Amino acid sequence: MIRTIIVEDDIEMLNGLLHIITWEDYGYVIVGKAENGVEALNIVKEKLPDLIITDITMPKMNGLDLIKSAKEYKSGIKSIIISCNEDFNYAREAIKLEADDYILKHTITKESLINTLEQFRRKFVEERQQQTSFEDAIHKLKANKFILLEQFFSDISEGILLQDQEILHQAKKMNLKIPEKNMRIISMYIDNLESVISDHTIKEYSLLKFAFLNVMEETIGNSDEIILFPYDRGAIGILYDDTLVSTNTMQQLIKKLISNATSFLHLPLSACFSCVFHSMKDIGKVLKQNEVLRSYYFYSGSLQIILKPTLDAYPISDLYQTYGADFKYLLSLQNKIRLKKYTEDLFSRLESEKYDSTSVKQLLRRLEIDMKLFLEKYQINLCTFSLEGDTFDHLKKIFFDMIDCMFEQLSKPENKSSRPEIKKVLIFISTHIGDEITCENMASYINMNSNYFSRLFKNEMGIGFSEYLLNKRIHIATELLKNSDCPIHEISRIVGFESPSYFHRAYKKVTGITPGDAREYK
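Presented here is a report on the structure given in the accompanying data block.

About the thresholds
Residues numbered from 1 in each chain as written. Predicted model: local features only at pLDDT ≥ 70, side-chain atom pairs only at ≥ 80, totals over all residues. Heavy atoms only, no water. Helix = DSSP H or I, 4+ residues; strand = E, 2+ residues; numbered from the N terminus. Rg over C-alpha atoms; globule rule 2.2 N^0.38 Å. Buried < 20%, exposed > 50% of the residue type's maximum accessible area, 1.4 Å probe, protein only. Areas by Shrake-Rupley, 256 points an atom, 1.4 Å probe, with all protein chains shown as cover. Lys, Arg positive; Asp, Glu negative; His and termini not counted. Charge placed at Lys NZ, Arg CZ, Asp CG, Glu CD. Contact = heavy atoms within 4.5 Å. Core = buried A, V, L, I, M, F, W, Y, C linked by side-chain atoms within 4.5 Å. Polar contact = N/O pair within 3.5 Å; in protein donor to acceptor, adjacent residues only side chain to side chain. 1 Å grid on protein atoms, 1.4 Å probe; cavity = no way out; pocket = protein on both sides within 12 Å on 5 of 7 lines; lining within 4 Å. Points joined across faces, edges and corners; volume = space filled by probe spheres on them. Nonpolar A, V, L, I, M, F, W, Y, C, P; charged D, E, K, R; others polar. Axes fitted to C-alpha atoms, helices over the stretch in contact; angles between N-to-C directions. Parallel < 35°, antiparallel > 145°, perpendicular 65-115°, else oblique. Pairing = 2+ DSSP bridges. Salt bridge = Lys/Arg side-chain N within 4 Å of Asp/Glu carboxyl O.

Looking now at the overall build of the chain. Broken down by element type, the chain carries 21 helices and 10 strands. Relative to the 2.2 N^0.38 estimate, which gives 24 Å for 522 residues, the radius of gyration of the chain is 36 Å and therefore markedly larger than a compact globule would have. The C-alpha extent of the chain, read off along each of the three principal axes, is 110 × 75 × 35 Å. With 522 residues in all, the chain has 45% of them scored as buried. Here the chain displays about 28,100 Å² of accessible surface, and carbon together with sulfur accounts for 49% of that area. Across the chain, the centroid of the 65 positively charged side chains sits 6 Å from that of the 74 negatively charged ones.

Spelled out as structure tokens, the structure:
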């Protein structure tokens, strides 16, 4: 549909144009109407229509001024002028403004209007198709350019292009102006990339990378002195001549770039400036040095610009030797409060001591392995979590989410025991709660002596079998009382009580209220 507004100060004429045809039948949708140019311009700002059909002579702002002003808000906006004025000067001015048609009011009929609209629509669709083809071609050229740049810098980093002459020859073929010396590379990093992709509207990294590169190009503008190139996953390089562009200028540019990428793409970015180097053959080494600089914003978080190390090197340590045993012991106790308190203190110590980021990541991965091994016997996994990230707070959040998830899974009755026999019984109870269930028939169900089964059940679940079964029935009954209109006597049968009176007594003994009270409280 071609989004259209109609502007006419003659109310009768305006209503006539609106209702002379069913606009949708001809591929148009009316998104606004106005009685003068000022009112129409406000609609243009809000609706950004494709077409303005307007009178010329109107109060406040005439049609020609409206078209001129509208193009400032949408450069490709089209226009059809309808006027009772036959003065050639108006028509000539309309032509200057590239009006798409000029119709005299006294000649308008339903048929002539439809004919004009059909001609305009064909022209409009053709231009749109050409524009789309052109934009697709530009998109492909840009994508290919960045693929070639990535390959070029990868070949240098990996030593495939070894000779200066080879490098210069390839650069010339790609029309790249390589600095002769005094080079710097700024590495732009998308921090905590895997989590970003998981939460982002753009789920495919290649598309996200291309969108980021486009934002970078638009921010930096056309400059032969600055070369953008993607390299590692989540990393974009900016190569420039340090003698032609000052560090202060690049800092301001990077701040603007971070601001734009945050606003438009919601990307958590950081930048690391390399030292000055003098040979393209050193690019691989320089990019690795930039990666090391990331540790200097590990604790401060994203949106950082690291020019050079400002602190002493963070201490490197095998932190698992210090903290691993205590964590495993508290894990075995399955005490959520104590384990979370210990972990909170642990993260506080790590942040206070400012250990090297690699040491911290190694510690957390070891503790993650301990959790997964501990949960294996309960057939619980934490595969939905990925302990990947570039900043301390991000890793801390993931780690605590893992602990919360672990205890949530462990709290489920079917996961409270590591014994497959007990798990089998718990599943049977959940799916046959209305049946006659006893300690003896459950022991028989898993081919076990009833006395041994009774002791095993209490050891594993921390509660006797009969008490667990009663609590389970009361819990399900409460859900039915609160969330259904099923009669109380029917609920007592569904959850396996012998009679409504026994259900009433048992329910009040366990909960302190009657089933009727529970239903009233829902």
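This part is about the environment of Ile185. Note on placement: Ile185 falls in strand 6 (residues 183-190). Sequence spacing of Ile185 and Cys275 is 90 residues, and the spatial spacing of their C-alpha atoms is 7.9 Å. With residues near it in sequence (within four places) discarded, Ile185 still touches Phe229, Gly237, Ile238, Leu239, Cys272, Phe273, Ser274, Phe277, Ile283, Val286, Leu287 and Asn290.

Grouped together as the largest cluster of nonpolar side chains are 98 residues, with contacts concentrated most on Phe152, Met188, Phe212, Ile238 and Met280. Looking at this core, the element that brings in the most residues is helix 14 (residues 392-411), giving 11 residues. In this structure Phe212 touches Met188, Ile190, Ile236, Ala261, Leu265, Leu267 and Leu269, once residues within four positions along its chain are discounted.

This part covers the side chain of Asn192. Its location among the elements puts Asn192 in the loop between strand 6 and helix 7 (193-199). The class for Asn192 is buried, based on a relative accessible area of 9%. A distance of 2.6 Å separates a polar side-chain atom of Asn192 from the backbone nitrogen of Asp390. The residues contacting Asn192, other than those within four sequence positions of it, are Ser302, Gly389, Asp390, Thr391 and His394.

All right, on to the layout of surface pockets then. Size it by volume and the largest pocket reaches roughly 520 Å³. Lining the largest pocket we find 17 residues, and of these Lys145, Leu176, Glu217, Ser223 and Ile226 sit closest to its centre. Breaking the lining of the largest pocket down by element, the ones donating at least two residues are helix 5 (110-157), helix 8 (205-220) and strand 7 (226-230). When residues of the lining of the largest pocket are assigned to their parent elements, the largest contribution, 4 residues, is made by helix 5. A breakdown of the residues in the lining of the largest pocket according to their chemical character gives 9 nonpolar, 4 polar and 4 charged. Put simply, the second largest pocket is a space of about 420 Å³. Considering the residues around the second largest pocket, the lining is formed by 20 residues, among which Ser195, Val196, Asp199, His394 and Ile398 are closest to the centre. Where the lining of the second largest pocket is concerned, the elements lending two or more residues are helix 7 and helix 14.

Moving on, we get to the packing of helix 18 (residues 465-483) against helix 20 (residues 500-511). Between helix 18 and helix 20, the least distance of the axes is 10 Å, while the angle of their chain directions is 100 degrees. Accordingly, the angle class assigned to the pair helix 18 and helix 20 is roughly perpendicular. Together, Leu470, Asn471, Ile474, Ala477, Thr478 and Leu481 of helix 18 and Phe503, Ala506, Tyr507, Val510 and Thr511 of helix 20 make up the contact between the two elements. Looking at the contact of helix 18 with helix 20 residue by residue, the class counts come to 8 nonpolar, 3 polar and no charged.

The next thing to look at is the sheet that holds strand 3 (residues 51-54). Pairing is parallel in the open sheet, where 5 strands are placed in the order 2-1-3-4-5. Two strands close off the open sheet at either side, each with one partner strand: strand 2 (28-34) and strand 5 (101-104). Between one strand axis and the next, the sheet turns through 20 degrees on average, direction left out of account. The pairing of strand 1 (residues 2-7) with strand 3 spans 4 bridges and is classified as parallel. Looking across to strand 3, one finds that Thr4 is bridged to Leu51. Contacting strand 1, strand 2 and strand 3, helix 2 (residues 37-47) crosses the sheet at an angle of about 135 degrees to strand 2.

Once that is clear, we can look at the pattern of salt bridges. Applying the stated criterion to the full structure yields 20 salt bridges. Between Lys74 and Asp50 there is a salt bridge, with the nearest N and O atoms lying 2.9 Å from each other. Placement of the pair is Lys74 in the loop between helix 3 (63-73) and strand 4 (78-83) and Asp50 in the loop between helix 2 and strand 3, with a sequence separation of 24 residues. Looking at Asp50, the relative accessible area reads 7%, which means it is buried. Here the salt bridges do not stand alone but share partners, grouping Asp191, Glu291, Arg294 and Asp390 into one network.

Take the sheet that holds strand 9 (residues 269-273) next. Across a sheet, paired strands are connected by hydrogen bonds in the backbone, their directions being either parallel or antiparallel. In spatial order, the strands read 7-8-6-9-10; together these 5 strands make up an open sheet with mixed pairing. Each edge of the sheet is formed by a strand with only one pairing partner; in this case those strands are strand 7 and strand 10 (305-306). The pairing of strand 7 with strand 8 (residues 235-241) spans 5 bridges and is classified as antiparallel. Counterpart to Phe229 in the pairing with strand 8 is Gly237. Sheet contacts for helix 8: strand 6, strand 7, strand 8 and strand 9; angle to strand 7, the most-contacted strand, approximately 175 degrees. Along the sheet face, helix 9 (residues 247-265) touches strand 6, strand 7, strand 8, strand 9 and strand 10 and points at about 165 degrees away from the line of strand 9.

Nothing here speaks to function; it is all geometry.
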